[in-house]
Amino acid sequence: MMASSKLECTERWTFNFNTNMQALHTTSTSDLALSCQSVSKRYVRNSPFEKVNVSALEDISFEVNRGELFGIIGPDGAGKTTLFRILTTLLLADSGVVRVEGFDVVTDFRAIRNEVGYMPGRFSLYQDLTVEENLNVFAKVFNTSIEENYHLIEAIYKQLEPFKKRRAGKLSGGMKQKLALCCALIHKPRVLFLDEPTTGVDPVSRKEFWEMLKRLKAQQITILVSTPYMDEASLCDRIALLLQGRILKIDTPQNIVSQYPHELWSVSSDEMSKLLTDLRNIPAIRSGYSFGESHHITFKNKEWSMDALRAELEKLGHSSIVIKKIEASIEDCFMDLSPESKG
Amino acid sequence: MLHYLIEKEFKQFFRNTFLPRLVISLPFMAILIFPLVANYDVKNFNLSIVDSDKSPYSGELVRKIESSGYYRITDVSATFDDALKSIERHESDILLEIPVHFEKELVREGKATVLISSNTVNGMKGGLGSAYLSSIVADFNSEIRSELMQVSRGRQVPAIEIVPMYKFNPQLSYKVYMIPAIMIMILALVCGYLPALNIVGEKESGTFEQMNVTPVSKIHFILAKLIPYWVVGFVVLTISFFAAWLFYGFLPVGSFVTLYVFSSLFVLAISGFGLVVSNYASTIQQAIFMIFFFVLTFIFMSGLYTPVASMPEWAQAISAFSPLKYIIMVFRLVYLKGSTVHDLLVPFAALSGFAIFFNSWAIMSYHKKN
């Protein structure tokens, strides 16, 4: 066996295409668009040159309701793409059961492929075909036409229309993203999987992209979106925080924020990097993280007063100290839930 | 659904600025240029003459050699050592020494010796050069013999003259031998390697996976990849036939139908090989190296350059596993001898075997990764 650079040990293809569609449809009656039960995935490679034994996903369970905008939030390497590839039938899990629209990803994957749209993190359309041709190809392979579902993509495609004769490879990043979304939508999927759709996209386009998702949600399309940006979490109906292959918490963004158990202060001074070290060295401080312009800190059992902290910091040589009590953000919750903060 | 995918492939093929032109010009270029370059009809040997006799007979021998057209006399030396130096200086490739008393001995004793020495750094050239030269000397010998005998005895001498007759390729032209093989090389390139690289290219760009989440089945996906290249392959093959006729007036003695039937079988086998490669390679770089490895083996074992019969026995055994060997054999036989399908049952069985073998391997290696 030739060594392949990627760890794709379970690429899915098959020659068998006689799935019994009618029998399967009767099973999809619940309100769940997707259910995922104790899914685990481990990458193992044992060649003389490369030893890999990574647990990408461990015991992942969650459910997504019809018409929900569900976010999977996690840093790079958390296992988001692996999870998406399992959900979209591209990869087999080691264990666990996944059902999308009532179809099992292992036995009924052919039915699922008719029902879902998938937009991978990397631009994966034909670069040598034009915008229009790409859209046409993806419409045709789903046995539909651009006209039939034009209403779904109209708002997005309008922006692409001036470039419809341009080759996809020559589009700007934001335009490519819009085209990829159009291609994932053209067959009117019931569930849409978007793997890091906003990574590498400028802030204005990111905002636009989320506007588009809201409009799609109004069309009763269930959307699963993964992102490493914590600020996008609040735009989802519910989110799952994913870290190192485990789900830390699943809830609405509001609940997650309101359940934050500690009092949170933001601290800044004129020497920010020294400040962080100093803060972390104070025994009473439970956690201290850098958040751009300020550091967010929490205390162990007994809390200090702001004045006491200010006095302490002044003693350590800091000036222009600003201390504020703040509301927790998703990122604070993420930090709090991650195992390091507990260890 | 299949025809949309095929339409897409053709669109991409013709949109490529490079590929369509290459595919059309390749057969013309290959058939026009390769046979001229890869040629064993060696000419223009540089000959150094050491004529120590300087008699009418020795002069006649030199003139005879010169008029053969194969030799250019580039050096005339006084001694063997000088002539050897001219070989060392690359001024001549071969030397002929005519000893003193050549004529005297020839007339008086009825025999004389000459020395032929050739530079065999290039073995092919040296061997052929000295072989041609000996045959010219032998020819000269028989002329002299009959002349001298007539003078002395006044009647014809009985002598055995060997006249070889070359069947199927009367001029022993290397072109005729090469062209059918070149046609096959091009066909293998277009129908075997290009689709494999195309599939791996889709893997690399991620479109393979994007297609994978659509209802397109693997078999449709692959057929959509192969069919356009099959079509292009047969167009190219037809161009090759045409080019061979145009440049060399070279037409098969047998029928085109036989050629197309065997080509189809070969195309099936080589596409299957391409699919196997595309299964194991995940980048174009890997695919190119895998193809390169196997293609080199296939070519050298196929008898394209050197006849299979001249290989050592173990190599002949290995050559049985090169599909190129069988199809090249078929093309040569049909072109030169006019063999029919009936005469070609062995290659037919072998190529069918390869087609089944590679395609089942391709299917099995997909399932393995399932």
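Residues numbered from 1 in each chain as written. Chains lettered and ligands numbered in written order. Predicted model: local features only at pLDDT ≥ 70, side-chain atom pairs only at ≥ 80, totals over all residues.

## Brief notes about the overall build of chain B
In step 1: On a plain count of helices and strands, chain B comes out with 14 helices and four strands.
In step 2: Since a compact globule built from 370 residues should have a radius of gyration of about 21 Å, the 28 Å found for chain B marks it as more spread out than a globular shape.
In step 3: If you line up chain B on its principal axes, its C-alpha atoms span 95 × 45 × 40 Å.
In step 4: Counting only residues that meet the buried cut, chain B has 36% of its 370 residues in that class.
In step 5: The contacts in chain B between residues at least 6 apart in sequence include a share of 76% that link residues at least 24 apart. (Helix = DSSP H or I, 4+ residues; strand = E, 2+ residues; numbered from the N terminus. Rg over C-alpha atoms; globule rule 2.2 N^0.38 Å. Buried ≥ 20, exposed ≤ 12 C-beta atoms within 10 Å, placed from the backbone. Contact = placed C-beta atoms within 7 Å.)

## What about the overall build of chain A?
In step 1: Along the backbone of chain A there are 12 helices and 14 strands.
In step 2: Scored against the burial criterion, the 343 residues of chain A give a buried share of 40%.
In step 3: If you take every contact in chain A between residues at least 6 apart in sequence, the share linking residues at least 24 apart comes to 72%.

## Considering the domain arrangement of chain B
The accessible area lost on association of the parts is a frequent measure of interface size.
In step 1: Segmentation of chain B into domains returns domain 1 (2-38 + 173-368) and domain 2 (45-153).
In step 2: On a C-alpha basis, the centres of domain 1 of chain B and domain 2 of chain B stand 49 Å from each other. (Domains from an automatic or database assignment.)

## Quick word on the sheet that holds strand β3 (residues 94-98) of chain B
All names here are of chain B.
In step 1: Taken together, the four strands give an open sheet; going across it, the order is β2-β1-β3-β4, and neighbouring strands pair in mixed fashion. The open sheet terminates on both sides in strands that have one partner only, identified here as β2 (71-76) and β4 (115-118). With strand direction ignored, the average angle separating the axes of adjacent strands in the sheet is 25°.
In step 2: Examined bridge by bridge, strand β1 (residues 45-51) and β2 share five bridges and lie parallel to one another. Counterpart to N46 in the pairing with β2 is R72.
In step 3: Contacts from helix α3 (residues 56-67) reach β1, β2 and β3 within the one sheet, and its direction differs from that of β1 by about 180°. (Pairing = 2+ DSSP bridges. Axes fitted to C-alpha atoms, helices over the stretch in contact; angles between N-to-C directions.)

## Quick word on the pairing of strand β11 (residues 264-268) of chain A
All names here are of chain A.
In step 1: Side-chain alternation along β11 places W265 and V267 on a buried face and L264, S266 and S268 on a face that remains uncovered.
In step 2: For β11 and strand β14 (residues 322-326), the ladder comprises five bridges, and the chain directions are antiparallel. The partner of S266 across the bridge, within β14, is K324.
In step 3: Here β11 pairs with strand β13 (residues 294-299) via three bridges, running antiparallel. Bridge pairing in β13 places V267 opposite H295.

## Details of the interface of chain A and chain B
In step 1: In this assembly, 32 residues from chain A lie in contact with 28 residues from chain B.
In step 2: Elements represented by at least two residues in the side of chain A that touches chain B include exactly α3 (109-115), β6 (116-119) and α4 (131-141) of chain A.
In step 3: By residue number, the principal contributor to the side of chain A that touches chain B is α4 of chain A, which donates four residues.

## Observations regarding the environment of L223 of chain B
In step 1: Mapped onto the fold, L223 of chain B is located in helix α9 (residues 218-248).
In step 2: Taking the C-alpha atoms as reference points, L223 of chain B and H3 of chain B, 220 residues apart in sequence, are found 9.9 Å from one another.

## Concerning the sheet that holds strand β12 (residues 285-291) of chain A
All names here are of chain A.
In step 1: Read across the open sheet, the four strands follow the order β12-β13-β11-β14; overall the sheet is antiparallel. Whereas interior strands pair on both sides, the edge strands pair on one side only; in this sheet they are β12 and β14. With direction set aside, neighbouring strand axes in the sheet form an average angle of 25°.
In step 2: Pairing of β12 with β13, which is carried by six bridges, proceeds in the antiparallel orientation. Looking across to β13, one finds that Y289 is bridged to H296.

## Re the nonpolar core
In step 1: Residues C182, F193 and I223 of chain A are the most contacted members of the largest nonpolar core, which totals 80 residues.
In step 2: The biggest single contributor to this core is helix α6 (residues 173-185) of chain A, with seven residues.
In step 3: Excluding residues within four positions of it along the chain, C182 of chain A makes contact with L135, I153, I156, Y157 and L160 of chain A.
In step 4: Judged by nonpolar contacts, the second largest core, of 69 residues, contains V190, L194, A281 and A287 of chain B. (Core = buried A, V, L, I, M, F, W, Y, C linked by C-beta atoms within 7 Å.)

## Things to note about the domain arrangement of chain A
In step 1: When cut into domains, chain A gives domain 1 (58-256) and domain 2 (261-327).
In step 2: Computed from C-alpha atoms alone, the centre-to-centre distance between domain 1 of chain A and domain 2 of chain A is 40 Å.

## What to know about α9 of chain B
In step 1: If you check α9 of chain B, its first and last C-alpha atoms are 44 Å apart, about what 31 residues at 1.5 Å a residue would give, namely 45 Å.
In step 2: Backbone geometry just downstream of α9 of chain B places G249 of chain B in the positive-phi region, at approximately 60°. (Expected span 1.5 Å × (residues − 1).)

## Focus: helix α7 (residues 203-218) of chain A
Residue and element names in this part refer to chain A.
In step 1: Compared with an ideal rise of 1.5 Å per residue, which puts 16 residues at 22 Å, α7 spans 23 Å between its outermost C-alpha atoms and is within 8% of the ideal.
In step 2: Residues of α7 that are buried: R206, F209, L213 and L216. Down the axis of α7, the sector holding all buried residues measures 75°, keeping them to one side. More than 90 degrees from the buried face of α7, the exposed residues found are V204, E211, K214 and A218. (Arc of directions from axis to C-beta.)

## Points about the pairing of strand β1 (residues 32-46) of chain A
Residues and elements named next belong to chain A.
In step 1: Here β1 runs beside strand β2 (residues 51-65); their pairing, made up of 11 bridges, is antiparallel. In the strand pairing of β2, L34 is matched with V64.
In step 2: As consecutive antiparallel partners, β1 and β2 are separated by four residues.
In step 3: Across five bridges, β1 lies against strand β4 (residues 95-100) in antiparallel orientation. In the sheet register, S40 faces β4, and the bridge partner there is S95.

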